Amino acid sequence: MANYFSSDFTLGILGGGQLGKMLLYETRKYDIRTVVLDPSAEAPCRIACDEFTLGDLMDFDTVVKFGRKADVLTFEIEGVNVKALEKLEAEGVKVYPSSQTLKKIQDKGIQKDFFKNHGIPTADYQKYSSKMAFLEGLQKGEVSMPVVWKSTTGGYDGKGVAVVRNANTAEDLPEIPCIAEDLIPFKNELAVIVARNPSGEVKTYPVVEMEFHPEANQVEYVICPARIEASVAEKARKIAEKVSEAYQHVGLLAVEMFQTVDDEILVNEVAPRPHNSGHYSIEAAFTNQFEQHIRAILDLPLGETESKTGGIMVNLVGEEGYTGKVVYKNISEILKLKGVTPHIYGKKITRPFRKMGHVTIVNTDIAEARRIAEEVKKTIEVISE
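Below is a summary of the structure that appears in this document. (Residues numbered from 1 in each chain as written. Predicted model: local features only at pLDDT ≥ 70, side-chain atom pairs only at ≥ 80, totals over all residues. Heavy atoms only, no water.)

### Regarding the overall build of the protein
Logical step 1: Helix and strand counts for the protein stand at twelve helices and 21 strands.
Logical step 2: At 21 Å, the protein has a C-alpha radius of gyration in line with the 21 Å of a compact globule built from 385 residues.
Logical step 3: Dimensions of the protein along its principal axes, counting C-alpha atoms only, are 60 × 55 × 45 Å.
Logical step 4: In the protein, of all internal contacts separated by at least 6 residues, the share reaching a separation of at least 24 is 63%.
Logical step 5: For the protein, the accessible area works out to roughly 16400 Å², and carbon and sulfur atoms hold 50% of it.
Logical step 6: Across the protein, 46 positive and 56 negative side-chain charges occur, with their mean positions spaced 3 Å apart. (Helix = DSSP H or I, 4+ residues; strand = E, 2+ residues; numbered from the N terminus. Rg over C-alpha atoms; globule rule 2.2 N^0.38 Å. Contact = heavy atoms within 4.5 Å. Areas by Shrake-Rupley, 256 points an atom, 1.4 Å probe, with all protein chains shown as cover. Lys, Arg positive; Asp, Glu negative; His and termini not counted. Charge placed at Lys NZ, Arg CZ, Asp CG, Glu CD.)

### Concerning the sheet that holds strand 21 (residues 381–384)
Sheets are built from strands paired through backbone hydrogen bonds, the pairs being either parallel or antiparallel.
Logical step 1: Taken together, the three strands give an open sheet; going across it, the order is 19-17-21, and neighbouring strands pair in antiparallel fashion. Lying at the two open borders of the sheet, with one neighbouring strand each, are strand 19 (349–350) and strand 21.
Logical step 2: Here two bridges tie strand 17 (residues 324–329) to strand 19, and the two strands are oriented antiparallel to one another. Looking across to strand 19, one finds that K325 is bridged to I349. (Pairing = 2+ DSSP bridges.)

### Considering the state of the cysteines
Logical step 1: What the rule picks out here adds up to zero disulfides.
Logical step 2: Here C45 stays unpaired: no disulfide links it, and the sulfur of C49, its closest cysteine neighbor, is 6.3 Å away.
Logical step 3: By relative accessible area, which is 0% here, C45 ends up buried. (Disulfide = S-S within 2.5 Å. Buried < 20%, exposed > 50% of the residue type's maximum accessible area, 1.4 Å probe, protein only.)

### Here we look at helix 3 (residues 82–90)
Logical step 1: Buried within helix 3 are the following residues: V82, A84, L85 and L88. Down the axis of helix 3, the buried set is contained in an arc of 155 degrees. They therefore lie on one face. Exposed side chains of helix 3 directed beyond 90 degrees from the buried face belong to K83 and A90.
Logical step 2: Looking at the buried residues of helix 3, the elements they touch are strand 1 (10–14), helix 2 (60–67), strand 4 (72–75), strand 5 (94–95) and helix 4 (99–106).
Logical step 3: Between the side-chain oxygen at the start of helix 3 and the backbone nitrogen of K83 there is a gap of 3.0 Å, and the oxygen is on N81.
Logical step 4: Remark: G92 follows helix 3 within two positions and exhibits a positive phi of approximately 105 degrees. (Arc of directions from axis to C-beta. Polar contact = N/O pair within 3.5 Å; in protein donor to acceptor, adjacent residues only side chain to side chain.)

Encoded structure:
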């Protein structure tokens, strides 16, 4: 085994946002040397890595040059140059998750085809090369409204997703390749994080339940354990393992799912990295998702995934009507509440619905944790000067 700790071994991270910053907490814990590439001089990772490089994650030469500094390379965002990753792999740099895994996930159309080809249950869909083709599909009745429109690339945090209820709303969509997906009547949105290392050890985290903001289409609360029957939770974990097995990824794979009204589990989409749905694990799990990602990509034994206690995460997003230098109102008030831990990501500028941080509430009683979470949500405000 390589000597990762207090040595010259270098871990490279593509992307310097909050997920990278939280990964760096764990590399600090283990004293692993890190280099980070990000296009923003204000990137949250800047303060915590050993070496920071400013550069474009989609630029081939920039990514190859950066990647050559690393023994193992990982990413905290899917928007990176895959051809550069392939080149680095050919040169002997270990890239986890691999370029092949990312290729199958980066484009949502390819991702959906992958599910279909591997017998993974998912909502029915059609792929379209342009908005024009999608509008023609609507006219021909290939898809029936209401339908979920998704851009095949570049969507995140609710962007790049729209529910099309009539032809007029479809006219406002951007002119890009897309998929049209059946709108699933569901009871719950669930997620399972699966960890896998190169030796083939696999562990799943407990099923979490996600409550969404109705307008922003962003997760407001992540609840662990999900308030569902044990049989449904077992089914969700089994399907997540099947997805992980199909991708043969290394690192973390977050599998987002719908629990239908008939208690079927349909896979919505996946992310090959630490994920918003796993933030609760920093306070509530024996091994948080960021440490687990590090263990997985370095082929170390995977840690215990079960929870120590119930946990709920509340996303802190910029309030509507505020753009500019961020101010967090009432943090001292929420600190008075039981089991509350805020995480501030370090983004200096707030915008409406921009993810600026999160708060975890831990409690053995999940109903009480949910009540406190609501109080946190009502009390804290992310505004600008």
